[in-house]
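Here's the letter readout for the chains.
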Amino acid sequence: MKRLSVVVTNYNYADYVATAVDSALALRWDDVEVVVVDDGSTDASVEVLQRYADRVTLLAGPNGGQRVAANRGFAASTGDVVVFLDADDVLPPEMPERLARVWSPSVSKAQFRMQRIDASGAPFGHPFPEWQPVPTPAHVRRWAESTSAYPTPPGSGNAYARWFLERIFPLDASTGRAADSGPLAAAPFHGDVVSVPEVVVSYRQHGSNDSDVLAADDRPAREVERARDRWRFAQRSRGVPDAEIDERPLRRSRELLQFRVAAARLTPGVRPLEGDGRARLLGDVLRSPLHPGPEGLAARVVVAAWCLAVLVAPRRLVRSLLELRWRRP
């Protein structure tokens, strides 16, 4: 690892973006490049970012969404390792030193644990993913191949090899507006995904996050659609024609199964996965403990029991079951 590029994408996070940029500038590494893309902010973000104009590459333009901003930032970066830092998250200063110890030419992605912090920066909850034990690249590749999923942090908790990103950038609209969907899904199919439990990136959780599953009834169905789009993007990135993409691994993901059963109860007229009727879902629930993945048998049984309960519970109890699973810590 030689040069580390940190690409910060910002939209209307004037309250947080200075902390994010400061954390990138404070990384302990001889060659760190910081690229900041302001995606058409209408708050005071531009004024805040102007204070860094002599220390970062600052790009501004009309609002196009996080994916478009990440495309611009990556094109302007030059590092052989790239981190896409959300403007409300914070990198720890020791991250590059830890990263260099595990980096090799075969690594497509290194992933770190994350610690939730509130709007003021105070930590709460436990770091995630838990990784017990820490997965090897072979584990990650097998889980991704078999079930379309593997335990990964969101955007800021990952560092990517430039050679890998050059295969998939610029990101197209098939993965939506988010910048992390495509790289997270494709990384195991192009190289080794290494997990670094000693690094903990701060993940800010506040009222403007888009990750609250319980915010609207259509959110679970949206998550299923996004997972399907990510899987298809990953398969196309490795040269699989659209007509030959096998979607059966999506049915083996326990994480996705929970969204599927929730979607079936909250929006019964919507079927993000073709054929997701009650009989198919019931069969997938009963088979779910047998599929590979990082969870132990007890955790697999708990997931299956919860999914079964959601499928058969009276409608008045469904919301309570969903809150039991997705209530914010």
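The following paragraphs examine the structure supplied in this document. All of these numbers come straight from a predicted model, not from anything done at the bench. (Residues numbered from 1 in each chain as written. Predicted model: local features only at pLDDT ≥ 70, side-chain atom pairs only at ≥ 80, totals over all residues. Heavy atoms only, no water.)

## A closer look at helix H10 (residues 278–287)
Buried within H10 are the following residues: Leu281, Gly283, Asp284 and Val285. In this structure, the buried residues of H10 make contact with helix H9 (254–266) and helix H11 (297–312). (Buried < 20%, exposed > 50% of the residue type's maximum accessible area, 1.4 Å probe, protein only. Helix = DSSP H or I, 4+ residues; strand = E, 2+ residues; numbered from the N terminus. Contact = heavy atoms within 4.5 Å.)

## Let's talk about the packing of H9 against H11
H11 packs onto H9 with a crossing angle of 10 degrees between their chain directions and a minimal axis gap of 9 Å. Viewed along their axes, H9 and H11 adopt a mutual orientation that is roughly parallel. Between H9, through Arg254, Leu257, Gln258, Val261, Ala262 and Arg265, and H11, the contact on the second element is made entirely by Arg300, Val303, Trp306, Cys307, Val310, Leu311 and Val312. (Axes fitted to C-alpha atoms, helices over the stretch in contact; angles between N-to-C directions. Parallel < 35°, antiparallel > 145°, perpendicular 65-115°, else oblique.)

## With respect to the nonpolar core
Grouped together as the largest cluster of nonpolar side chains are 93 residues, with contacts concentrated most on Phe84, Phe112, Leu165, Val261 and Leu322. Those residues in contact with Phe84 that lie beyond four places of it in its chain are Val7, Ala70, Phe74, Gly155, Ser156, Asn158, Tyr160, Leu165 and Phe169. (Core = buried A, V, L, I, M, F, W, Y, C linked by side-chain atoms within 4.5 Å.)

## Thoughts on the environment of Trp103
Inspection of the secondary structure assignment puts Trp103 in the loop between helix H4 (95–102) and strand S5 (107–117). We classify Trp103 as buried; its relative accessible area is 16%. For the pair Trp103 and Val81, spaced 22 residues apart in sequence, the C-alpha separation works out to 9.5 Å. With residues near it in sequence (within four places) discarded, Trp103 still touches Met1, Val81, Ala110, Ala159, Tyr160 and Ala161.

## A closer look at the packing of aromatic side chains
Tallied over the full model, the rule gives ten aromatic pairs. Each ring, one from Phe84 and one from Phe169, has its centre 5.6 Å from the other, and the planes form 0 degrees; the classification is stacked. Here Phe84, found in strand S4 (residues 81–86), pairs with Phe169, found in the loop between helix H6 (162–168) and helix H7 (181–186); they are 85 residues apart in sequence, far enough to count as distant. Ring pairing ties together the aromatic residues Phe74, Phe84, Tyr160, Trp163, Phe164 and Phe169, which thus form one cluster. (Phe/Tyr/Trp six-rings, centres within 6.5 Å; stacked < 30°, edge-to-face > 60°.)

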